[in-house]
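# Descriptive analysis of the structure
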Amino acid sequence: MEKRLFNFSSGPAVLPVPVLERIRDEMLCLPGCGASVMELSHRSKQFIAIQEAAKQRLIRLLNIPSDYDVLFLQGGARLQFSMIPMNLLRGQSGAAQYVLTGSWGKYAVGEAKKEGKTETIYDASASNYDHVPADLELKISPDASYVHITSNETIQGVQFQHDLTSAAPLVCDCSSDILHRPIDVSKYGLIYACAQKNAGPAGVTVVIIRKDLLARSSESLPGYLNFNNHAKEDSMWNTPPTFAVYVLGLVTEWVEKTIGGLDAMYKINQEKAKIVYDAIDRHPSIYLAHAQKASRSLMNATFRFPNEDLEKAFLAQAQSHGLDSLKGHRSVGGIRASIYNAMPMAGVQTLAQLMDDFASKNA
Ligand SMILES: *Cc1c(COP(=O)(O)O)cnc(C)c1O
């Protein structure tokens, strides 16, 4: 069998090996079903149990209060950029307020503008999105329809370090950091995350919505785009992405049973990120960190080199050490090491070792 690399891809991204092994073992025949999970009706009692178990694990892991619905949707986080203003902004008097700390937030407000009135209340683009604002800098209006933030900007590698408090319903794109630490769901009106960064494969997007917000959706919305249809039918309004939901269920089971929950996951993520950032900080003339220290992401570490030759040489050496997909997004350049929940400790240790060796040879 071919050797697995340490996969630093930003998404779709690394999955836990025990999850992949379980999928392999159950591929032809899900225990007790005589068929692959992909061959089961979404209305079969077996699949309903799989989807319900995935939902209950999310509820337990994130401590989701009972006045929230958990939906499994398709269309990725990008569809939520549109669906959220369609449901929560249409027909409302207050503007939707957006906090722009990176590329994804900028795309999100671009879609919301098509639907209604928006205000950008914070924009870090002048410093190429190298930080998140401190609480007090935010000018959240209690009359806003909602306030939108991106908890972790995947491309720039900047992350809010704690849950914000907001007078208006707080909407959060958690696509690249859901399940990386415990969060206080009660501080949010709506949380959404595509699965393929930190929670599973591409194809399913989790939406956690406070139930009172469902009253805002207009009957005139296309059926699929109305949150109420999915909430009423327990994400069975149409065929859910069954295979992706099954894998999401296995990943949440891994976080809960193998890792021991989100407190333990957070500790591991802090340790892993520290190994990478310490390596950056040991060699500040070679590794130029993109994010300001107080805003550094535990999920995506971004840094550049003083020149492009060094970057090329580093990437080539990384590849020869089995470190894959480290090239940064073109808007930031340099390196982006995506170190999601499933990245093994050995992956970041190998990376940090290479960074030390490379720096001493090129200093
Ligand atoms: C990847 C990503 C998206 C886009 O997700 P799609 O599933 O491709 O639509 C949106 N927001 C964030 C923060 C992301 O990391």
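Residues numbered from 1 in each chain as written. Predicted model: local features only at pLDDT ≥ 70, side-chain atom pairs only at ≥ 80, totals over all residues. Heavy atoms only, no water.

Moving on: the site of the ligand. In the region of the ligand, 14 residues are neighbours, and Arg78, Thr154, Asp173, Gln196 and Lys197 sit closest. Contact with the protein chains covers 87% of the free accessible surface of the ligand, which is 390 Å². Counting residues per element, the shell around the ligand draws most heavily on helix 3 (residues 76-88), at 4 residues. Of the residues assigned to the shell around the ligand, the class counts are 4 nonpolar, 7 polar and 3 charged. (Near = heavy atom within 4 Å. Areas by Shrake-Rupley, 256 points an atom, 1.4 Å probe, with all protein chains shown as cover. Helix = DSSP H or I, 4+ residues; strand = E, 2+ residues; numbered from the N terminus. Nonpolar A, V, L, I, M, F, W, Y, C, P; charged D, E, K, R; others polar.)

The next point concerns unusual backbone geometry. The residue after glycine 11, namely proline 12, is reached through a cis peptide bond having omega -10°. Following the sequence through the fold, proline 12 ends up in the loop between strand 1 (6-7) and helix 1 (17-26). Residues other than glycine seldom take positive phi values, yet tyrosine 129 does so here, at roughly 50°. Turning to its location among the elements, tyrosine 129 is positioned in the loop between strand 4 (118-123) and strand 5 (146-150). Residue leucine 179 is not a glycine yet carries a positive backbone phi of 70°. Topologically, leucine 179 is positioned in the loop between strand 8 (170-173) and strand 9 (190-194).

Let us look at the sheet that holds strand 3 (residues 96-100). Reading across from one edge, 2-10-9-8-5-3-4 is the order of the 7 strands in this open sheet, with mixed pairing throughout. Edge positions in the open sheet fall to strand 2 (68-73) and strand 4, since each of these has one partner strand only. Each strand axis lies, on average, 15° off the axis of its neighbour in the sheet, ignoring direction. Across 5 bridges, the pairing between strand 3 and strand 4 is parallel. Bridging across to strand 4, tyrosine 98 finds its partner in threonine 120. Taken strand by strand, helix 4 (residues 103-113) contacts strand 3, strand 4, strand 5 and strand 8, and its axis lies near 160° from that of strand 3. (Pairing = 2+ DSSP bridges. Axes fitted to C-alpha atoms, helices over the stretch in contact; angles between N-to-C directions. Contact = heavy atoms within 4.5 Å.)

Looking now at the environment of serine 151. Note that serine 151 resides in the loop between strand 5 and strand 6 (152-153). Classification of serine 151 as buried rests on a relative accessible area of 9%. Residues serine 151 and methionine 355, spaced 204 residues apart in sequence, show a C-alpha to C-alpha distance of 28 Å. Those residues in contact with serine 151 that lie beyond four places of it in its chain are Val158, Gln159, Phe160, Cys172, Asp173, Cys174 and Asp177. (Buried < 20%, exposed > 50% of the residue type's maximum accessible area, 1.4 Å probe, protein only.)

This part covers the packing of helix 6 (residues 242-259) against helix 7 (residues 262-282). The geometry of helix 6 relative to helix 7 is characterised by a closest axis approach of 8 Å and an angle of 90° between their N-to-C directions. Classified by the angle between their axes, helix 6 and helix 7 sit roughly perpendicular to one another. On the side of helix 6, the interface is formed by Trp254, Val255 and Ile259, while helix 7 contributes Leu262, Ala264, Met265 and Ile268. Its residues assigned to classes, the contact of helix 6 with helix 7 shows 7 nonpolar, no polar and no charged. (Parallel < 35°, antiparallel > 145°, perpendicular 65-115°, else oblique.)

By the assigned domains, the chain splits into domain 1 (18-259) and domain 2 (261-362). Here the C-alpha centre of domain 2 lies 27 Å away from the C-alpha centre of domain 1. At the interface, 29 residues of domain 1 touch 27 residues of domain 2. Its largest share of buried area at the contact with domain 2, domain 1 owes to Ile155, His180 and Ile259, together 24% of the area lost on that side. Between the two partners, domain 1 and domain 2, sit 0 salt bridges. Connecting domain 1 to domain 2 are 18 residue pairs in polar contact (both at pLDDT 80 or more). (Domains from an automatic or database assignment. Buried area = accessible area lost by both parts, 1.4 Å probe. Salt bridge = Lys/Arg side-chain N within 4 Å of Asp/Glu carboxyl O. Polar contact = N/O pair within 3.5 Å; in protein donor to acceptor, adjacent residues only side chain to side chain.)

Quick look at the nonpolar core now. In terms of nonpolar packing, the biggest core is built from 93 residues, with Leu62, Tyr146, Leu190, Ile208 and Phe227 touching the most fellow members. When residues in this core are grouped by element, the largest group, 10 residues, is from helix 6. Both domains that furnish three or more residues to this core are identified here as domain 1 (18-259) and domain 2 (261-362). Aside from chain neighbours lying at most four places away, what touches leucine 190 is Ile84, Leu88, Leu170, Val171, Cys172, Val207, Ile208, Ile209 and Phe227. (Core = buried A, V, L, I, M, F, W, Y, C linked by side-chain atoms within 4.5 Å.)

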